[in-house]
Amino acid sequence: MAQDNTQVTGQKEALIRVDHLEKHFGDHVVLQDISVEIDRGDVVCVIGPSGSGKSTFLRCLNRLEEPTGGHIYMDGIDICDPTTDIDRHRQKMGMVFQQFNLFPHMTIMRNLTLAPMKLQNVSQREAEAYATELLERVGLADRRDAYPGELSGGQQQRIAIVRALCMKPEVMLFDEPTSALDPEMVGEVLSVMKDLAAEKMTMVVVTHEMGFAREVANRVMFLDGGDFVEEGAPAEFFAHPKSERLKNFLGKVL
Amino acid sequence: MWQQFRSDLYLNFVKDDRWQYLTNGLKVTLIVTLFAALMGIILGFFVAIVRSTCENTGRLKILNAICNLYLTVIRGTPVVVQLMIIYFVIFASVRIDKTFTAIIAFGINSGAYQAEIFRSGIQSVPRGQFEAGRSLGFNYAQTMLHIIMPQALRVCVPTLCNEYITLLKETSVAGYIALEDLTKGGDIIRSRTYSAFMPLIAVALIYLIMVLVLTRLVSLLERRLARGTR
Amino acid sequence: MKKLISVALVLAMSLSLAACGSSGNPEGTATKGVLVMATNAEFPPYEYHDGDSIVGIDAEIAEAIAKKMGCELRIEDIAFDSIIPEVSSGKADIGLAGMTVTEDRKQSVDFSESYATSSQVVIVPENSGISSLSDLGADSIVGVQTGTTGDIYCSDDDSIGTVERYNKGMEAVQALTQGKIDAVVIDSEPAKVFVSENPGLMVLKENYTNEEYAAAIRKGNTVLLDNVNKALEELKADGTLDKIVAKYIAAE
């Protein structure tokens with residue numbers, strides 16, 4: 001990476017290092033003093049009650065929400081620094097939204113190839129070849145010329161994942177990717193995410209799917225009241241929660 | 001009665017080639033409308049971008065304040081007053097082409113209305129579209145260009161077309177700066193023949209036909225656009 | 001269909017009512033005891049707004065005529081273009097607006113005896129170097145007020161380049177002071193007022209045309225025409241007419 005020339009220290013740097021992150025809207029504190037590291041290949045599931053700041057935390061990672069304090073380092077570079085080219089960093093951080101947010105005025109293929117062609121100078125042929133390959137893997141190659149509105153929610157979300165992957169990101173951020181789906185479509189999206197995890201993609205997933213967290217994640221983190229209360233490997237995390245708050249939360253959702 | 005009608009027709013349109021007041025006026029009306037609409041598009045687009053950018057990002061505050069002032073003044077005063085201010089005040093002591101003056105005046109006026117149409121179009125695109133664009137790595141301008149604008153335009157095309165129809169009718173006050181547009185052409189005939197009916201009805205009919213044709217085009221366009229969005 | 005016929009009938013009836021509206025009372029006016037005068041009060045000193053009221057030579061002459069006829073005067077201020085249609089449709093009894101008698105106008109209305117004479121003159125900037133009409137070349141721009149005799153004569157005058165027709169004489173003069181046009185052709189009396197109020201302008205010695213002012217009256221309304229002519233004659237004879245004109249126009 002061209003900009004990897006700063007802050008390279010002796011010890012191995014985590015892919016993403018969150019350092020005393022704070023976010024408040026006016027007087028309302030959403031995140032307070034969050035510090036966490038995410039290594040390459042990590043599949044981190046962030047769980048917590050609604051309003052706990054999970055989505056805000058995730059959206060701060062690529063600065064869709066502007067942090068009000070602290071730093072976020074990616075590959076050792078402070079992406080909160082105003083002089084950092086955030087747009088280049090976002091290319092390395094794929095994001096999947098709850099509401100899919102496909103571009104309704106473009107065909108699926110155009111949705112997938114627009115960013116690589118405009119931002120990474122990939123030729124149309126190359127971009128389409130890669131997009132087709134990914135489409136085949138999610139089983140939607142035949143819908144390449146359809147418009148998003150013609151697809152089911154599950155199909156749209158799978159396309160949205162492919163759209164992010166087309167940029168060949170280093171990390172994928174998922175913001176409650178199955179919350180807007182009909183129950184019968186949740187499985188197809190989770191299965192795509194499982195495949196990704198199996199390919200050692202670094203993933204940060206905000207989710208309510210405890211089954212997915214237990215099965216796929218290597219780390220589960222519990223966010224409540226704007227701070228990480230507890231984190232651990234899923235087996236230990238779900239079987240022996242330490243804090244009262246987590247016990248309470250798991251008691252409600254499991 | 002038929003005889004009277006025919007002699008009225010002759011007096012108002014045929015005698016002294018008076019019909020030319022209408023055809024020449026129509027030409028001026030169309031030229032002014034067309035170029036004012038174009039100028040309005042550029043101006044309106046620019047203002048809408050500035051306003052939306054300021055609303056979304058908090059940047060361009062000073063430019064935004066200027067745009068707001070422009071919108072307030074232009075939408076808060078009658079176009080005929082603006083026209084006369086531009087002719088008699090802004091371009092005081094300048095020998096300036098009147099068609100050009102009218103295009104400037106109506107262009108500035110239409111720009112204000114088109115700006116609000118563009119802006120509401122931009123505002124109608126869900127916030128998630130903007131975030132999806134930014135999260136892929138597009139900068140603000142690229143996101144606007146590739147993702148927001150195409151969707152916004154689709155929403156505002158019908159409203160825009162109605163604005164152009166309104167503009168066509170509003171240019172009828174061009175006579176206030178002695179520009180001989182369609183309405184003024186009818187007025188001149190009226191002042192020559194002292195009959196109100198023929199010239200006024202003829203002028204009204206010509207406007208009506210133009211508006212009907214434009215309305216028809218708009219509804220065709222709307223149907224095509226509706227087919228495009230799925 | 002029935003509806004259409006009834007609408008047509010009502011229309012036809014109202015048209016015919018309008019047609020015979022002016023007859024039927026001895027004064028010859030549409031409404032008994034009221035003389036409605038149509039004018040365009042933008043033409044000093046003949047008629048103009050002074051505070052809330054319309055004053056001027058025409059207004060006072062009309063007042064005097066109305067008095068002679070035993071009528072009350074009502075003045076309607078409308079566009080100059082609309083005065084003749086207003087009179088010929090019977091909405092107004094007389095048109096008194098510094099209006100010149102022309103052959104064209106005679107086809108639409110009858111005119112009384114003339115009560116004043118006027119001429120169209122040319123206003124130019126003092127330093128323009130234009131000293132006679134012949135100096136106005138083929139590329140000249142001349143401003144007039146739409147529908148006035150100045151407009152009509154200038155439009156037919158091939159020696160003038162472009163005629164710009166303003167809604168008001170004042171606006172033509174404004175365009176002249178701003179250098180947008182080369183000259184203004186307008187009635188001599190308002191020209192004097194415009195020149196006295198706009199330094200730097202002058203009236204050419206040579207008149208553009210000479211003409212007579214008269215009152216316009218609905219064609220065929222001889223009762224009213226005779227009444228107005230009789231009144232005018234008396235006003236001329238007893239010196240009232242001269243007095244009114246002298247009040248507004250300083251003797252040269």
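Data block above holds the structure.
Residue numbers run consecutively from 1 along every chain, following the written order of its sequence. Following the order in which they are written, the chains are lettered starting with A and the ligands numbered starting with 1. For this predicted model, a pLDDT threshold of at least 70 governs which residues receive local features, and a threshold of 80 or more governs which side-chain atom pairs are given and counted, while totals over whole chains, interfaces and linings are taken from all residues. Heavy atoms throughout the structure, all of them, feed into the side-chain values; hydrogens and water do not.

(A) The arrangement of unusual backbone geometry in detail. Despite not being glycine, H20(A) has its phi angle at roughly 50°, a positive value. Strands here are runs of E lasting at least two residues and helices are runs of H or I lasting at least four, both read from the DSSP assignment and numbered beginning at the N terminus. The residue H20(A) is located in strand β1 (residues 16–25) in this model. By relative accessible area, which is 44% here, H20(A) ends up partly exposed. The residue L60(B) is not glycine, and still its phi comes out positive at about 60°. Tracing the backbone shows L60(B) in the loop between α2 (19–57) and α3 (61–75). Judged by its relative accessible area of 38%, L60(B) falls in the partly exposed class. Categorising residues by exposure relies on relative accessible area from a 1.4 Å probe, with only protein chains included: less than 20% of the type maximum marks a residue as buried, more than 50% marks it as exposed, and the intermediate range marks it as partly exposed.

(B) Representation of the interface of chain B and chain C. The contact definition used throughout considers only heavy atoms, calling two residues in contact when any of these lie within 4.5 Å. On the side of chain C, 26 residues touch chain B, which itself brings 25 residues to the contact. At the boundary of chain B with chain C, total buried surface from both sides reaches about 2,100 Å², with 45% on carbon and sulfur atoms. When residues of chain B are sorted by the area they lose upon contact with chain C, F88(B), R95(B) and Y194(B) head the list and together hold 36% of the total. For this document, the term salt bridge refers to a Lys or Arg side-chain nitrogen within 4 Å of an Asp or Glu carboxyl oxygen. Between chain B and chain C we count three salt bridges in total. Here the buried area means the combined drop in accessible surface, using a 1.4 Å probe, for two parts upon being joined, counting both sides.

(C) Molecular detail of helix α4 (residues 79–90) of chain B. Regarding α4(B), the residues found buried are V79(B), V80(B), Q82(B), L83(B), I86(B), Y87(B) and F88(B). For α4(B), the elements touching its buried residues are α3, α5 (98–124) and α7 (140–170) of chain B together with β10 (162–166) and α6 (169–177) of chain C.

(D) Structural detail: helix α6 (residues 183–198) of chain A. Residues and elements named next belong to chain A. Expected span of a helix, by definition, is 1.5 Å for each gap between consecutive residues, and there is one gap fewer than residues. For α6, built from 16 residues, the straight-helix expectation of 22 Å at 1.5 Å per residue is met to within 8% by its first-to-last C-alpha distance of 24 Å. Considered for burial, the residues of α6 that qualify are M185, V186, V189, L190, V192, M193, L196 and A197. All buried residues of α6 lie within an arc of 155° about the axis, which places them on one face of the element. For α6, the exposed residues set more than 90 degrees away from the buried face come down to E184 and A198. K200 sits one or two positions beyond α6 and adopts a positive phi of about 65°. Comment: arc refers to directions from the helix axis out to C-beta atoms.

(E) Structural detail: the packing of aromatic side chains. Any Phe, Tyr or Trp ring, taking Trp's six-membered ring, that has another such ring centre within 6.5 Å forms a pair; planes under 30 degrees apart are called stacked, those over 60 apart edge-to-face, and the others tilted. Summed over the entire model, instances satisfying the criterion amount to 10 aromatic pairs over all chains. The interplanar angle of 90° and the centroid separation of 5.4 Å between the aromatic rings of F45(B) and F118(B) together place this pair among those described as edge-to-face. Here F118(B) lies in helix α5 and F45(B) lies in helix α2, a separation of 73 residues in the sequence. In this structure F45(B) comes out as partly exposed when scored by relative accessible area, which is 31%. For F118(B), a relative accessible area of 5% corresponds to the buried category. Judged by centre distance (4.8 Å) and plane angle (80°), the ring pair of Y46(C) and Y213(C) falls under edge-to-face. Remark: Y213(C) occurs in strand β13 (residues 209–213) and Y46(C) occurs in the loop between β2 (42–43) and β3 (47–50); sequence separation between them is 167 residues. Look at Y46(C) and you get buried, because its relative accessible area is 2%. An aromatic cluster is defined as three or more aromatic residues linked by ring pairs; in this entry it consists of F43(C), Y46(C) and Y213(C). Sitting over a ring, as applied to charges here, requires NZ of Lys or CZ of Arg to be within 6 Å of the ring centre and within 35 degrees of the ring normal. Geometry around F238(A) places R214(A) over its ring, the cationic atom sitting 5.0 Å from the centre.

(F) Geometry of the sheet that holds strand β2 (residues 28–38) of chain A. All names here are of chain A. Taken together, the four strands give an open sheet; going across it, the order is β2-β1-β4-β5, and neighbouring strands pair in antiparallel fashion. Of all the strands in the sheet, just β2 and β5 (77–78) have a single pairing partner and so form its edges. A pair of strands counts as paired when DSSP detects no fewer than two bridges linking them. Relative to strand β4 (residues 69–74), β1 runs antiparallel, the two sharing five bridges. In the sheet register, R17 faces β4, and the bridge partner there is Y73. A fitted line through C-alpha atoms serves as each axis, taken over the contacting stretch for helices, and the angle formed by two N-to-C directions is quoted from 0 to 180°. Docked against the sheet, helix α1 (residues 54–61) engages β1, β2 and β4, running at close to 120° with respect to β1.

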